[in-house]
Amino acid sequence: MANFQATKQETLSLLKSAINFAKASSHKNAVKRLNDSHQHLLEGKLFVVVAGEFKQGKSSLINAFLREPGLFPVDVDIATNLVSTITYGDAEKVTVVLGEPGKEKRKEIRRSDIPDYVTEQGNQRNSKQARMLVMESPNAQLKEGLILVDTPGVGGLNVQHTDITYAYIPNADSILFVSDAHAPLSTEELNFIKRISQHCQNFIFVVTKIDAVSNYKSIIDSNREKLAQVLPETGDKFPIIPVSSSASLAYLDTQDPEDLEDSNLSSLEQELWQLLSQQRGKILLLRALTELGRVVADIRTPLQAEWEACQQHDREDQTKLESKLQDTSERLKQLQGNSSAWQYQLNEGIQDTQKELFRELSREIEQIKRRSQDYMEDSRFLEDPPQIARLLETDFDSMMSTLSEKLSQKAGNLHVEIVNSTGLNMNPLAIDSLDWRNLGEDSSEVRELEGLSQVKAPQADWWTKAVDMVYKGGFKATAGTTVGTLLGGTLGGIAGLLFGGAGAVPGAQIGMALGSVLGGVKGFSDGAKDALSQIQERNQILAKREISKIINPYIIDNQLLCKAALEDMVTKLSRTMRNDLQQQIKRERELCDRSLRSFQKTLKLSQEQMIRKMAELKGPLQQLTDFQKAAEKLAMQALEEAESDTISPSDPAASSADAASSDSPTTPQPVAASADYGDWADG
Amino acid sequence: MESETAKLIKLVRAMPLAQQLIPMEALSGWPMPLRRGSKVYVHLPFIGANQTKDKSGMALFPPFALVTVDWSNGLPVQYLNLRFQHPWPEGYWDNQAGTFPHPEIAQLPKTEYVSKCQELLAMYDHLLNSLVKREAFTPEWKTRFSESLRLLMEPGLEPYYRALSPKFFQTFLPQSS
Ligand SMILES: Nc1nc2c(ncn2[C@@H]2O[C@H](COP(=O)(O)OP(=O)(O)O)[C@@H](O)[C@H]2O)c(=O)[nH]1
Ligand SMILES: [Mg+2]
């Protein structure tokens, strides 16, 4: 897509004009739907998680990206020990989430207090029990809905707080993995990347501090080689961007364009926006545009019917159109019935999905059990038994992320199948006449297939793609909902804090259920860790016996919890899907009936009245057509595949370094006896 | 065109030593020359800095480190932790010493400020090279250098600069009292 930010602005202003039109013509319901869409697009959040080991320059990178030196504490000896998020808000607001899981409290603090909570120095071993820092800022860089997540180091060193970091990762819209130019990626880092790549492939690898070394290119080559081994599916297409946060921050003081160029931050921003546009950004736009299309069609179709009625002077044509509308209405009525084929299709699809997920759950649990045996055999863990619970906790977390991701994929596919087979996927933007809505009309191909009538109408390619993306995208759990609930039910508001009115898309429900199961796993794990830390036994065999007395029930508890959560997800999901489809059918039918009534009423008008009617209709119809055309153009713009060029690490330093040459010293002047030879410098 | 002095400052900031000990938010101050026999060295002070609350600039704190490098090859010869050494009376550390930009330069357009900095750094090249060759400084040049340094040096940091290199500052920014 050419430019997400620009397309988004255009879409927002198109929505605004449509809202004004709907207001002026008193279509109250349309006004509401359009306002909702406008709001969703405006508030749609894009999650960017900044991950990497300690001290690599994550916080500095965020400060540079936001052009706010010192926003997130950075220092040689300051270590971030808390997940912090920052998102757009009209005024600056900093909130810490404090307290035990399930009993969190929110507290507003000042910006200058941030280090007291976020750094190891200000908050040793997290004695303040801070769980997360949530910041809103009127920073222009965040305006398009970015949520940046600054994480503590996620290497082997740091197990505390990784739960929240991990919770963000499965559904992040982009992960900036930060390592510095002092050294190539370590085995630990590569292991981490490999693990999370199972959940999220939206990586951008950032190599920071290129100002500090002369050979950062060889580091990049080495990283590329290593990454190609742990990410074999991606080939070597992943972007690696060299940057210097310090050059970028220096630019704020010096305004020296050389600093800006040296920083290479613009390449990073470009790459990030390209990735985001290809993914969720596209879905956000298409969701707004398809809804706009539907609302406009809702207003337009009855008007179009009146127009057609004035045009058809031939009695035969009139009856033909009338019966087409009647047939459509009849067919929609059938779809509304409980025994309609799509209802079976949905039930069966859901049941199959559930069975498959349960099978996979059992397989995964077996694996976890086997792994727990391995851990217990390992003498290193006998030294530190709580470590076993920590490792298993992460295993459960990532299992649930994988399973819920599968569920959303399958549900998305099912929804699209149903929408296609019922003919509900028709393109409302393609109306020239009423023909497009003739479900069951002979120009489209109707097949009876195992009791399911499938309607196939010619579809614009881009529309099919858009519908596909919007539906499937809607089912994706977002990092936001997951984390919102992970922070505990008492914190319902925190989700709102982060996501605004993200809306009840099915993905939010999956995310919510996922969040609560992760929270539950965390609770069990904390219990197990406590119990394990009590173990004093030095004898290996006896210690192992004690550990398994704790670990085995822990695994069973988690297994039950995960199973119940999956069931819950599936039930909620099928309910939402059913409601959603029923609503859509109902709306279509109402529209069809309304159009039919308008058509019939108009036919009764006198010749003169018809002429007047046509004059009345002309303006609004033209206006509505314009909206549709504009929406279509924007949707195509959003769908345009971004050019698939791989980013070659550009060399920001070369150009400026070559150009630099020293001033030739001024020629020495003849001097007098009392001349100043710089004795003041001697010492 | 980048002056040798500017390059040297960049080099110092990129040294592993500085990487380890000097946070990147710290600002480098104006260099102070030192000559020992045939060798010329550069003292480079580092100044604690923080964005001000209203984000209009940076709050400056007293210099906290002094790195000394050999002008001929850029190699470090000394790192001085000023908080450890405290060459001036105590009790100053947490007090804001000044603001960047200070009023005189705040009113300049950015580009003019940048070119003034580049000019002064280029004059440092001349200063340091002349010290090596023991070439004399003309009064006109000294006046230009003094004026430039007077304009660009943060007034709030002046006492600290003077404490670090009394003779250099007495020469170029003589105190009337
Ligand atoms: N020279 C240089 N130093 C940097 C850069 N980015 C970060 N640093 C330094 O690296 C250290 C760790 O940075 P920080 O952002 O706190 O790392 P984090 O722990 O990953 O968040 C700090 O001393 C920073 O001043 C950079 O681009 N260049
Ligand atoms: Mg950090």
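For the structure, see preceding data.
One structure accompanies this document, and this report is about it. As the structure is a prediction and not an experimental result, all values here were calculated from the model. (Residues numbered from 1 in each chain as written. Chains lettered and ligands numbered in written order. Predicted model: local features only at pLDDT ≥ 70, side-chain atom pairs only at ≥ 80, totals over all residues. Heavy atoms only, no water.)

Some remarks on the overall build of chain B
How we decide: Numbered from the N terminus, helices here are DSSP runs of H or I no shorter than four residues, and strands are runs of E no shorter than two. Throughout, exposure labels follow a simple rule: accessible area from a 1.4 Å probe, protein chains only, divided by the maximum for the residue type, with under 20% read as buried, over 50% as exposed, and the rest as partly exposed. Residue contacts follow a heavy-atom distance rule, with two residues in contact if any of their heavy atoms lie within 4.5 Å.
In terms of helices and strands, chain B carries 8 helices and 6 strands. In sequence order, chain B lays out its α and β elements as α-α-β-β-β-β-β-α-β-α-α-α-α-α. For chain B, with 177 residues in total, the buried portion stands at 53%. Here the contacts in chain B between residues at least 6 apart in sequence split such that 59% fall between residues at least 24 apart.

What to know about the packing of helix 3 (residues 58-66) of chain A against helix 10 (residues 265-311) of chain A
Residues and elements named next belong to chain A. Defined as follows: Axis definition: a line fitted to C-alpha atoms, limited for helices to the stretch in contact. Angles are taken between N-to-C directions and run from 0 to 180 degrees. Between 65 and 115 degrees an angle is taken as roughly perpendicular, under 35 as roughly parallel, over 145 as roughly antiparallel, and anywhere else as oblique. Charged residues are taken to be Asp, Glu, Lys and Arg, nonpolar residues to be Ala, Val, Leu, Ile, Met, Phe, Trp, Tyr, Cys and Pro, and polar residues to be all remaining types, Gly included.
Contact geometry of helix 3 with helix 10 gives a least axis separation of 11 Å together with a crossing angle of 90°. The angle between helix 3 and helix 10 falls in the class roughly perpendicular. Where helix 3 abuts helix 10, its residues L61, A64 and F65 lie against L265, L268, E269 and L272. Its residues placed into classes, the contact of helix 3 with helix 10 shows 6 nonpolar, no polar and 1 charged.

A closer look at helix 10 of chain A
Residue and element names in this part refer to chain A. Short version of the rule: Take the residue count of a helix, subtract one, and multiply by 1.5 Å to get its expected span. Bend, in this description, refers to the angle at a residue between axes fitted to the seven residues ending there and the seven starting there.
The end-to-end C-alpha distance of helix 10 is 60 Å, clearly below the 69 Å that 47 residues give at a rise of 1.5 Å each. Of all bends in helix 10, the biggest is about 55°, found at S277. With 39 of its 47 residues buried, helix 10 lies for the most part within the structure.

Some points on the site of ligand 1
Under the convention used in this document: Nearness is defined per residue: one heavy atom within 4 Å of the molecule or strand is enough. By the criterion applied in these results, polar contacts are pairs of N or O atoms within 3.5 Å in which, for protein atoms, one can donate a hydrogen and the other can accept it, and in which residues neighboring in sequence qualify only through two side-chain atoms. Reported accessibility uses the Shrake-Rupley method at a 1.4 Å probe radius. Residues are deemed covered only where the shown protein chains occlude them.
Around ligand 1, a shell composed of 18 residues is seen, among which K55, S60, D211, S245 and S246 of chain A lie nearest. Each of chains A and B places residues next to ligand 1. At 3.2 Å, a backbone N or O of Q56 of chain A approaches an oxygen atom of ligand 1. Between K209 of chain A and ligand 1, the recorded distance is 3.0 Å, taken from a side-chain N or O atom to an oxygen atom. The protein chains hide 96% of the 580 Å² of surface that ligand 1 would expose on its own. When contributions to the shell around ligand 1 are tallied by element, the ones reaching two or more residues are helix 3 and helix 8 (245-254) of chain A. Here the element with the most residues in the shell around ligand 1 is helix 3 of chain A; it accounts for 3 residues. When its residues are assigned to classes, the shell around ligand 1 shows 4 nonpolar, 8 polar and 6 charged.

A closer look at the interface of chain B and chain A
The criterion, for reference: As a working definition, buried area equals the accessible area (1.4 Å probe) given up by two parts on being put together, with both sides summed. Counted as salt bridges are all cases of a side-chain nitrogen of Lys or Arg within 4 Å of a carboxyl oxygen of Asp or Glu.
Counting residues at the interface gives 40 residues for chain B and 41 residues for chain A. Both faces considered, chain B and chain A share a buried interface measuring about 3400 Å² in area, 54% of it formed by carbon and sulfur atoms. Linking chain B with chain A are 4 salt bridges. Linking D682 of chain A and R35 of chain B is a salt bridge whose minimum nitrogen-to-oxygen distance equals 2.5 Å. Counting every contact that joins chain B to chain A gives 9 residue pairs in polar contact (both at pLDDT 80 or more). Contributions of two or more residues to the side of chain B that touches chain A are made by helix 1 (4-14), helix 2 (16-21), strand 2 (32-36), helix 5 (110-133) and helix 8 (166-172) of chain B. Tallying contributions element by element places helix 5 of chain B first for the side of chain B that touches chain A, with 8 residues.

Regarding the sheet that holds strand 9 (residues 240-242) of chain A
Residue and element names in this part refer to chain A. Note the following rule: The pairing criterion for strands is at least two bridges between them, as found by DSSP.
Here we have 9 strands laid out as an open sheet, ordered 4-3-5-2-6-1-7-8-9, and mixed in their pairing. At either margin of the open sheet sits one strand with a lone partner, and together these are strand 4 (105-109) and strand 9. Strand-to-strand twist in this sheet, taken as the mean axis angle between neighbours without regard to direction, amounts to 20°. Where strand 8 (residues 203-208) meets strand 9, 3 bridges bridge the pair, whose relative direction is parallel. Paired with V207 across the two strands is P242, which belongs to strand 9.

Digging into the environment of L276 of chain A
Residues and elements named next belong to chain A. In this fold, L276 is placed in helix 10. For L276, a relative accessible area of 1% translates into the label buried. With 102 residues separating them along the chain, L276 and S174 place their C-alpha atoms 6.9 Å apart. If near-sequence neighbours (up to four positions away) are discounted, L276 is found in contact with L46, V48, L146, D173, S174, G281 and K282.

With respect to the packing of helix 12 (residues 341-377) of chain A against helix 14 (residues 386-422) of chain A
All names here are of chain A. Spelled out, the test is: Two helices crossing with the near one rotated counterclockwise from the far one by less than a right angle form a left-handed crossing, whereas a clockwise rotation gives a right-handed crossing.
Following both chains from N to C, one finds helix 12 and helix 14 inclined at 165°, their axes separated by 10 Å at the closest point. Comparing their axes, helix 14 and helix 12 come out roughly antiparallel. Relative to helix 14, the crossing made by helix 12 is right-handed. In the contact of helix 12 with helix 14, the residues fall into 18 nonpolar, 6 polar and 8 charged.

A word on unusual backbone geometry
Following F100 of chain B, the chain continues to P101 of chain B via a peptide bond in cis, the omega torsion being -10°. Within the element layout of this structure, P101 of chain B appears in the loop between strand 6 (98-100) and helix 4 (103-106). At S26 of chain A, a position not held by glycine, the phi torsion is positive, near 45°. Tracing the backbone shows S26 of chain A in the loop between helix 1 (4-24) and helix 2 (28-43). The phi dihedral of K209 of chain A falls on the positive side, at around 65°, and the residue is not glycine. Residue position: K209 of chain A is located in the loop between strand 8 and helix 7 (216-230). Overall, K209 of chain A belongs to the partly exposed group, its relative accessible area being 22%.

What to know about the pattern of salt bridges
All names here are of chain A. For the coordinates displayed, the defined rule picks out 30 salt bridges over all chains. The closest approach of N and O atoms between K369 and E366, which form a salt bridge, is 3.6 Å. With K369 and E366 both in helix 12, this residue pair falls 3 residues apart, about one helical turn. With a relative accessible area of 31%, K369 lands in the partly exposed category.

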